[in-house]
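Structural overview
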Amino acid sequence: MPRNEGRSSANVEIINLFPGSFASNCYLLEDHGHAVVVDPSASAAAILRRAEADGCTLDAILLTHGHFDHILSVDTLRDALPHLKVYIHRADAPLLTHSDKNAFATFFGKERVWRAADELMYDGQVLPVGEAALTVIHTPGHSPGSVCFLSEADGWMVTGDTIFAEDIGRCDLWGGSHTVMLQSLARLRTLDGRLTIYPGHGDTNRLSRALDNATYYT
């Protein structure tokens, strides 16, 4: 499936506005005239333009975690659409407002922060996308509040930087832990291996294959 376009299921359409900044995937999830954006690394203009072209109302911003390369357009989108609420796991809430924690200072030696989130997610929370639903799965390791968004009904999951098609997210940034990452991977192994994963970087894969690849790093 091409990385910039593609339908994931009979219901929710997953559009990857790749390439976003720093080669981070930015997913627009659309269903029945409504949309949410996951990890807005693409420009706000590109996100808004695509939602409008598809006739969708953008309802929310969902973050798999709080590192700078996945949140670049958060505030610009909120300025353009004041009704938008930003969702992040409670354990990653500090990353938005702290340059060392969101890794911008680590990479560039400069301060860059974003406004605090509006809603703090928790494990097991169910979030609407039009008439569909996503379940929040807390998968710390890459960061304390990393999450995956699971559409069990449609057979796919957005995995952020927890797991990629061929490897796993790094664990050496603020709050990361390889030991905790192993626990999160063990949890993912309890899910249906036939799930298609949509990671924070790179291409899609089947969950079982991605987990097989991940064993090299565990």
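1. Regarding the layout of surface pockets
For the largest pocket, the calculated volume is near 170 Å³. Taken together, 13 residues line the largest pocket, and the ones lying closest to its centre are F68, D69, F107, R170 and H201. Here the residues of the lining of the largest pocket are counted per class, giving six nonpolar, four polar and three charged.

2. Quick word on the nonpolar core
Membership of the largest hydrophobic core comes to 27 residues, with the highest contact counts inside it found for L28, V37, I47, L58, I61, L63 and L77. Among the elements that line this core, the one with the most residues is helix 1 (residues 44–53), at three residues. Not counting residues up to four positions away in its chain, the partners in contact with I47 are L17, C26, L28, V37, P40, A42, L58 and L77. Ranked by size, the runner-up nonpolar core spans 20 residues in total, among them L29, Y87, W156 and Y198.

3. Brief notes about the packing of aromatic side chains
In the structure shown here, the tally under the stated rule is nine aromatic pairs. Both rings, one in F22 and one in F68, keep their centres 5.1 Å apart while their planes meet at 85 degrees; by these two values the pair is edge-to-face. In this pair, F22 is assigned in the loop between strand 1 (13–16) and strand 2 (27–31) and F68 in the loop between strand 4 (57–62) and helix 2 (74–80), connecting sequence segments 46 residues apart. Its relative accessible area of 45% is what places F22 among the partly exposed residues. Ring geometry for F104 and F108: centres 4.8 Å apart, planes at 45 degrees, overall tilted. Remark: F108 and F104 occur in helix 3 (residues 104–108); sequence separation between them is four residues, near one turn of the helix. Given a relative accessible area of 37%, F108 falls into the partly exposed group.

4. Digging into unusual backbone geometry
Phi at H32 takes a positive value of approximately 50 degrees, unusual for a residue other than glycine. Structurally, the position occupied by H32 is in the loop between strand 2 and strand 3 (34–38). On the accessibility criterion, H32 (54% relative accessible area) is exposed. Phi angles above zero are rare outside glycine, and A103 is one such case at about 80 degrees. In this fold, A103 is placed in the loop between strand 5 (85–89) and helix 3.

5. Here's the deal with the confidence of the model for the protein
Looking at the protein as a whole, the pLDDT averages 94, with 94% of positions reaching at least 70. Per-residue pLDDT stays below 50 along residues 1–9; that stretch engages in 23 contacts with residues further than four places along the chain or on separate chains.

Calculation criteria
- Each chain carries its own residue numbering, running from 1 in the written order of its sequence.
- Under the rules for a predicted model, residues below a pLDDT of 70 receive no local features and side-chain atom pairs below 80 are neither given nor counted, while totals for whole chains, interfaces and linings still include all residues.
- Side-chain numbers come from the whole structure's heavy atoms, not from hydrogens or water.
- Grid spacing is 1 Å over the protein atoms alone, the probe is 1.4 Å, and a cavity is where that probe fits but cannot get out, while a pocket is an open set with protein on both sides within 12 Å along at least five of seven lines and lining residues have an atom within 4 Å of a point.
- Grid points are joined across faces, edges and corners, and a volume is the space filled by probe spheres set on the points.
- All amino acids are sorted into three groups, where Ala, Val, Leu, Ile, Met, Phe, Trp, Tyr, Cys and Pro are nonpolar, Asp, Glu, Lys and Arg are charged, and the leftover types, Gly among them, are polar.
- As used in this record, nonpolar core signifies buried Ala, Val, Leu, Ile, Met, Phe, Trp, Tyr and Cys residues forming a set joined through side-chain atoms within 4.5 Å.
- Remark: exposure states derive from per-residue accessible area (1.4 Å probe, protein chains only) relative to the maximum for the residue type, with buried under 20%, exposed over 50%, and partly exposed in between.
- Each helix corresponds to a stretch of at least 4 residues labelled H or I by DSSP, and each strand to a stretch of at least 2 residues labelled E; elements are numbered beginning at the N terminus.
- A contact between two residues is defined here by any heavy atoms of the two lying within 4.5 Å.
- Only the six-membered ring of Trp is used, alongside the rings of Phe and Tyr, when aromatic pairs are assigned; centres must lie within 6.5 Å, and planes under 30 degrees apart are stacked while those over 60 apart are edge-to-face, with the rest tilted.
- A residue's pLDDT is the confidence the predictor assigns to it, expressed on a 0 to 100 scale.

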